[in-house]
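# Inside the fold
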Amino acid sequence: MIVEPKVREYICTTAHPAGCEENVREQIAYVKAQGPKAGPKKVLVIGASTGYGLASRITAAFGCQAATLGIMFERPASGKRTATAGWYNTAAFEKFATQDGLYAKSINGDAFSAEVKKQAIDIIRRDLGQVDLVVYSLAAPRRSADGVTYSSTLKTVGSPFTEKSIDLRTNEIVTKSVEPATDKEIEGTIKVMGGEDWEDWIKVLQKAGVLAENAKTVAYSYIGPELTYPIYTHGTIGQAKNHLQKTAEKMNQELNGVTAVVSVNKALVTQASSAIPIVPLYLSILYKIMKEQGSHEDCIRQMDRLFRTKLLENPMPVDQEGRIRMDDWELDEKVQAEVMKVWAMMSTENLKEVSDIDGYWEDFYKMFGFRFEQVDYSQDVDVDVRIPSLE
Ligand code: NAI
């Protein structure tokens, strides 16, 4: 069938299999071009099918020649409905990994559940023995635990917040108000996006004997500029990220033989970040300025730099709180001073001129496999793509 993008504000409900394969192929080519890197050899990536998790998996496999087990929550095609981008990405990843003789298996299911954890342990025990790196890169809307379903919310804490934002349906600058969360919403966001499940994973892996001695585990966080503090760092998601950081400290104190670290990454267009109010407008300005200053990175460049210059170093270069800072270039004063200047003068009329809104949309469509020059979108494609390891 011929697959076209169907965009509903911050989500695209279709994905193109050939375009997603091209996306993965390009990320692999980037990592290979940087040359091999000594590093982990058996890696578990939780949240491995899109965004930072996929880029981490690609870097581990094609940079460090690691065997990878990837966990994701994606939907296969059914009837006229395409699969999700993460499904096609994973099919492409496995195909390229196999071509290079690299072990790659995937689990499609709810990473928060005990069943998926057990499945992962069984596969690691059977095929790999132990893993030496666990990447925790989940971005999920909800989590069921102990019979309760918790939801993650993107709201402020304390008082409402009103700022410029972009209406992604019309590309117009609007004023957006975000209401403060209730205590229940704050608690829910911490349950879903905080560190509890990360710690559960590490503990069950260790207990099952499938975590190598001196293994590392990394989870991803964000801080951003003061401009977005009310909605991010001081908002509900920021509370969850604080919990993630506290969990890393707790694991380092309580668990022997494993090092846990949070890496604070750069803001990038992913399925998770597109849904945050105000952030897409910030991203479009940030892209323009970082591209002009020559410091822009996408997911694969961020993760490749993380693996090559920070995560695998001994000792790891970390800030006072023990976090890896991959947002160093984003938060550079030269970048942020420009962002604030543009933010103040930004309007619907000058949007295209002062921001990289086109670059924002380019990345957005590419996430779903569209707008790749190498792909002929007028051709019929088989949307029913299989993931070899799930057969
Ligand atoms: P994403 O939406 O691209 O990826 C989320 C991944 O989680 C996908 O692989 C998805 O299949 C998986 N997933 C979701 N729910 C699941 C479940 N119940 N079970 C198994 N897998 C599940 O998100 P992105 O942006 O790559 O986020 C990953 C992490 O990076 C998050 O913790 C996010 O807060 C953090 N981060 C993101 C930044 C950004 O600008 N995008 C910046 C800094 C940190």
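Residues numbered from 1 in each chain as written. Predicted model: local features only at pLDDT ≥ 70, side-chain atom pairs only at ≥ 80, totals over all residues. Heavy atoms only, no water.

### Some details on the confidence of the model for the protein chain
Condition: Every residue gets a pLDDT, meaning the predictor's confidence in that residue, from 0 to 100.
Averaged over every residue, the pLDDT of the protein chain is 96; the share at 70 or more is 100%. As scored by the predictor, the complex reaches a pTM of 0.98 and an ipTM of 0.99.

### Points about the site of the ligand
Stated formally: One heavy atom suffices: a residue is near a molecule or strand as soon as one of its heavy atoms comes within 4 Å of it. Polar contacts here mean pairs of N or O atoms no more than 3.5 Å apart (in protein, one a potential hydrogen donor and the other a potential acceptor; neighbouring residues in sequence count only if both atoms are side-chain atoms). Only the protein chains shown count as cover for residues, with accessible areas throughout obtained via the Shrake-Rupley method and a probe of 1.4 Å.
Lining the immediate surroundings of the ligand are 31 residues, of which Ser49, Tyr52, Ala111, Leu268 and Thr270 lie closest. In the model, an oxygen atom of the ligand is placed 3.5 Å from a nitrogen or oxygen of the glycine 47 main chain. Note that an oxygen atom of the ligand is positioned 3.5 Å from one of the backbone N or O atoms of glycine 51. Contact with the protein chains hides 93% of the accessible area of the ligand, taken as 840 Å² for the molecule alone.

### Some remarks on the packing of aromatic side chains
The criterion, for reference: Ring pairs shown here join Phe, Tyr and Trp side chains whose ring centres sit within 6.5 Å, with only the six-membered ring taken for Trp; geometry is labelled stacked below 30 degrees between planes, edge-to-face above 60, and tilted in between. By the criterion adopted, a ring carries a charge over it if an Arg CZ or a Lys NZ lies within 6 Å of its centre and within 35 degrees of its normal.
According to the stated counting rule, one finds 10 aromatic pairs in the structure shown. Judged by centre distance (6.0 Å) and plane angle (35 degrees), the ring pair of phenylalanine 370 and tyrosine 377 falls under tilted. Over the ring of tryptophan 329 we find arginine 305; its NZ or CZ atom is 3.5 Å from the centre of that ring. Its guanidinium or amino end placed over the ring of tyrosine 365, arginine 371 lies 3.8 Å from that ring's centre, counting from NZ or CZ.

### Re the nonpolar core
Going by this rule: Throughout this description, the term nonpolar core refers to a set of buried Ala, Val, Leu, Ile, Met, Phe, Trp, Tyr and Cys residues connected via side-chain atoms within 4.5 Å. Whether a residue is buried, partly exposed or exposed follows from its accessible area with a 1.4 Å probe, protein chains only, as a fraction of its type maximum: under 20%, in between, or over 50%, in that order. Secondary structure elements follow DSSP: runs of H or I no shorter than four residues count as helices, runs of E no shorter than two count as strands, and numbering proceeds from the N terminus. Residue contacts follow a heavy-atom distance rule, with two residues in contact if any of their heavy atoms lie within 4.5 Å.
Of all hydrophobic cores here, the largest spans 127 residues; its most connected members are Leu44, Phe62, Trp198, Trp201 and Leu205. By residue number, the principal contributor to this core is helix α8 (residues 279-293), which donates nine residues. Setting aside chain neighbours within four positions, we find tryptophan 198 in contact with Tyr136, Thr217, Val218, Ala219, Leu244, Thr247, Ala248, Met251, Ala260, Val261 and Val262.

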